[in-house]
Amino acid sequence: MENPYLPYPVRIDDIEVATEDKSLKTFTFVFVNPADEEKFAYKAGQFAELSIPGVGEIPIGIASSPVEKGFVKFTVFRTGVVTTHLHNMKKGDLMGIRGPLGNWYPWDKLENKNVVIIGGGFAFTTLRSSIVYMLDPANRKKFKNIDVVYGARSPGMLLYREELFDWEKRDDINMHITVDGTDDPDWKYHTGFVPQVVEDNAPVADEDTYAIVCGPPIMIKFTQPALTKLGYQPHQIIMSLENRMKCGIGMCGRCNIGKELVCKDGPVFTLEEINQTPKEY
Amino acid sequence: MNFITIDKKDWAPGIDKSRKTFRVYGPVEDENGCQIKPLAPDTAPKMDAPVTVMSAKSVLFPQTEKILTATLDESKQDHHVMTPVETDDMPRVVLGIRPYDAKAVQLVKLNFDNPDYQDPYWCAAYEATTFVGLGVTHPGPCDFSTAVGCGPFSEEGLDVLMADMDDKYLAKILTKKGENWVAACGFDTEADPKESQVLFDVLRKEAEKQIQTDLATDKLAGKTILDLYDAPFWDDVAFSCINCGTCTYVCPTCWCFDIQDETRHNTAVRFRNWDTCMSSLFTHHASGHNPRGTKVHRVRQRFMHKLKYFLDKYDQGIMCVGCGRCVASCPVNIDIREVCNRMNDYETTK
Ligand SMILES: Cc1cc2nc3c(=O)[nH]c(=O)nc-3n(C[C@H](O)[C@H](O)[C@H](O)COP(=O)(O)OP(=O)(O)OC[C@H]3O[C@@H](n4cnc5c(N)ncnc54)[C@H](O)[C@@H]3O)c2cc1C
Ligand code: SF4
Ligand code: SF4
Ligand code: FES
């Protein structure tokens, strides 16, 4: 019998400070046993449990993309016991990864559709995974227009800055990068909150347009009316939830919203689905 | 052979004989009341004990259980690589389990042994365990098992069901596991199947008659989750609750757990421990945000899970076998029967 609690051993291959305040770091892991990489085959939108023996486990969205091989990446905000311990670890250290867990963005349904990606703060990890996946030469033709609205407090708080600016230069993706405010006179992009930038820049919805929204609760709350104004129906708004988790496999019973377990039936739900459950997220 | 009689003077020697192959659990009485525990070599189960304070769930799902370990000693080759703690496959028998506790195991199985994931620790313990039930001839005042698809002589989840006939037990063997246990004890006095079944039926009917309950669950399935969730009575239901969690720990069908790590010297151990949805920490995010931040949220979660989410998810009735332990143990007398009836009777005015 497979033991679903058993992590794959991984080695920290690289650690990058991801934001100017150093509260976020991106960890690159390689599998100690190369065969485990295949078993870990994942889709953009899934998450994994990062497992530090003797310290604990944390559910973290997979920031690398299924089209990137040889490693997996996670970007982690330092906040409590496990995340702080992880931030203090070094290149070469050994730990574990359990997964992939949960469902993913509905890639089959999104084929031949316009996709609008909306992210705020550090909830951009699985969105990065998704963008890299869609822009892959083998996949780009499967999707129509791609728009991305991504906002952070300040330029230095944007994740994956170099990639953002590379994408900005491409003509097969429309980037709408924004910051709450900046004193940088050379800032070329938007200033303002994500919901406003969405209202002003996101495409008006037809039946072939879907929005994927990830961010802090306050951003999600104010983005919904903006999308509604643009004509998005609840089934066209796709969201990823973060409830407190332990097992990640639907057994420990803590992450439910109504009868759905966010770790197993989610974390990705449409607004239409969420509207039918208690708002316990 | 599907019915046998066991003379009570052969009972203890038979159990002792079975210890060669089985670890034996049964009701014992100690300073904490009556509990299901491993029986020390010279102790017999207290078969006439009142209902145990805790259910038998801990035989398969210990209150705290090691699941993984790793060495942190960097001089060892496999340092920081977690390995499973060996599962416990030693055959064991639970004697004198109440029929509703055996049915509860079947409900919990839906969680731990599902098409997507199988919990190796619970499943190994389940495989290894034989349940020998004793029909309840005098149900207590909190027992409402008949109202929830179970009852004092229910056979579901049991390997053997016994009835107390004064100087002997009449035992109905229900499964292969049951046969093996009977053989290990050397019990082999066959009883007439027709007559025995008639006796069982009489005892069952008499026991069922003693259970007085007006609990109704028939209308729960027809209501929507959101209507019940938004019903106006939750503040009232939760008012006196102190969120102590007792109701969840004593419940044979509650399975929620926490996972925690500990380090001693150079050894890291990952444990799982019973947890309770009544605790605010259960859902508390690192950010401080808590989706079930109030006691009303948590009380509602417990009842909604048992009486609605579970029902909708599995279509196998409610997640309660009517043992009445939560009713008897709650320090402020919150009664699931009343809450269930309120939910069942609730009509939205919308
Ligand atoms: C599906 C999903 C994806 C996530 N993706 C990311 C990501 O990409 N980057 C990132 O920085 N954070 C992410 N989080 C949040 C992250 O899991 C928590 O910040 C983290 O668990 C805090 O752990 P801690 O030990 O440092 O905090 P403590 O407060 O010490 O928490 C102790 C334990 O509680 C649990 N826990 C506490 N808060 C949360 C929470 N918000 N969500 C889930 N479990 C929690 C964990 O098991 C944790 O080990 C994600 C959460 C979920 C559910
Ligand atoms: S036993 Fe009673 S007081 Fe304690 S948590 Fe349960 S309902 Fe609340
Ligand atoms: S909810 Fe109460 S009555 Fe029902 S099985 Fe659990 S402890 Fe027994
Ligand atoms: S995290 Fe355990 S059930 Fe979802």
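All of these numbers come straight from a predicted model, not from anything done at the bench. (Residues numbered from 1 in each chain as written. Chains lettered and ligands numbered in written order. Predicted model: local features only at pLDDT ≥ 70, side-chain atom pairs only at ≥ 80, totals over all residues. Heavy atoms only, no water.)

Tyr5(A), Ile118(A), Val198(A), Trp122(B) and Phe257(B) are the most contacted members of the largest nonpolar core, which has 81 residues in total. Apart from residues no more than four positions distant in its own chain, Ile118(A) is found in contact with Leu127(A), Val149(A), Val194(A), Val198(A), Ala211(A), Ile212(A), Val213(A), Cys214(A), Met219(A), Thr223(A) and Leu227(A). Counting 39 residues, the second-largest nonpolar core is a separate cluster that includes Val132(A), Val148(A), Ala152(A) and Tyr189(A). (Core = buried A, V, L, I, M, F, W, Y, C linked by side-chain atoms within 4.5 Å. Buried < 20%, exposed > 50% of the residue type's maximum accessible area, 1.4 Å probe, protein only. Contact = heavy atoms within 4.5 Å.)

Turning our attention to the sheet that holds strand β2 (residues 24–31) of chain A. All names here are of chain A. Taken in spatial order, the 6 strands make up an open sheet running β4-β3-β6-β1-β2-β5, and their pairing is antiparallel. At either margin of the open sheet sits one strand with a lone partner, and together these are β4 (56–61) and β5 (72–77). Averaged over all pairs of adjacent strands, the angle between strand axes in this sheet comes to 40 degrees, irrespective of strand direction. Of the strand pairs in this sheet, strand β1 (residues 8–17) and strand β6 (residues 94–101) are connected by 4 bridges, and their pairing is antiparallel. (Pairing = 2+ DSSP bridges. Helix = DSSP H or I, 4+ residues; strand = E, 2+ residues; numbered from the N terminus. Axes fitted to C-alpha atoms, helices over the stretch in contact; angles between N-to-C directions.)

With that settled, consider the pattern of salt bridges. Per the stated rule, a full pass over the model turns up 40 salt bridges over all chains. The shortest N-O distance in the salt bridge between Lys229(A) and Glu199(A) comes to 3.0 Å. Taken as a pair, Lys229(A) in helix α7 (residues 217–229) and Glu199(A) in helix α6 (residues 194–201) lie far apart in primary sequence, 30 residues in all. Of the charged contacts in the structure, one is a salt bridge between Lys76(B) and Asp73(B), with a shortest N-O distance of 3.4 Å. What makes Lys76(B) partly exposed here is its relative accessible area of 42%. By sharing partners, the salt bridges in this structure join Glu57(A), Arg98(A), Asp261(B) and Arg270(B) into a single network. (Salt bridge = Lys/Arg side-chain N within 4 Å of Asp/Glu carboxyl O.)

Taken residue by residue, the interface counts 42 residues in chain A and 50 residues in chain B. Summed over both partners, the interface of chain A with chain B buries about 3,700 Å², with 59% contributed by carbon and sulfur atoms. Taken together, the links from chain A to chain B amount to 6 salt bridges. Two residues, Arg292(B) and Glu280(A), come together in a salt bridge whose shortest N-O distance is 2.8 Å. Linking chain A with chain B are 26 residue pairs in polar contact (both at pLDDT 80 or more), by the criterion used here. Put simply, the parts of the chain that give the side of chain A that touches chain B at least two residues each are β3 (47–52), β4 and β6 of chain A. At 3 residues, β6(A) tops the list of elements feeding residues into the side of chain A that touches chain B. Residue composition of the side of chain A that touches chain B, grouped by class: 19 nonpolar, 13 polar and 10 charged. (Buried area = accessible area lost by both parts, 1.4 Å probe. Polar contact = N/O pair within 3.5 Å; in protein donor to acceptor, adjacent residues only side chain to side chain. Nonpolar A, V, L, I, M, F, W, Y, C, P; charged D, E, K, R; others polar.)

Taken together, Cys241(B), Ile242(B), Asn243(B), Cys244(B), Gly245(B), Thr246(B), Cys247(B), Met278(B), Cys330(B), Pro331(B), Val332(B) and Ile334(B) make up the full set of residues adjacent to ligand 2. Of the residues that constitute the shell around ligand 2, the class distribution is 9 nonpolar, 3 polar and no charged. (Near = heavy atom within 4 Å.)

A full pass over the atoms with the stated rule returns 34 aromatic pairs over all chains. Note on Phe27(A) and Phe29(A): the rings are 6.3 Å apart at their centroids and 15 degrees apart in plane angle, and the pair reads as stacked. Comparing Phe27(A) with Phe29(A), the two get one shared label, buried. Relative to Tyr314(B), the ring of Phe310(B) lies with its centre 4.9 Å away and its plane at 50 degrees, an arrangement referred to as tilted. (Phe/Tyr/Trp six-rings, centres within 6.5 Å; stacked < 30°, edge-to-face > 60°.)

Right, let's talk about the site of ligand 3 for a bit. Inspection of the region around ligand 3 gives Phe144(B), Cys251(B), Pro252(B), Lys306(B), Cys320(B), Val321(B), Gly322(B), Cys323(B), Gly324(B), Cys326(B) and Ile336(B) as its neighbouring residues. Its residues assigned to classes, the shell around ligand 3 shows 8 nonpolar, 2 polar and 1 charged.

Attention shifts here to unusual backbone geometry. Of the consecutive residues Gly99(A) and Pro100(A), the connecting peptide bond is found in the cis state with omega at -5 degrees. By secondary structure assignment, the location of Pro100(A) is in strand β6. The backbone phi angle of Asn112(A) is positive, close to 65 degrees, even though this residue is not glycine. By the secondary structure assignment, Asn112(A) is in the loop between α3 (107–110) and β7 (114–120). Despite not being glycine, His80(B) shows a phi value in the positive range, around 65 degrees. By the secondary structure assignment, His80(B) is in the loop between β4 (64–71) and β5 (83–84). Take His80(B): its relative accessible area is 16%, and that puts it in the buried class.

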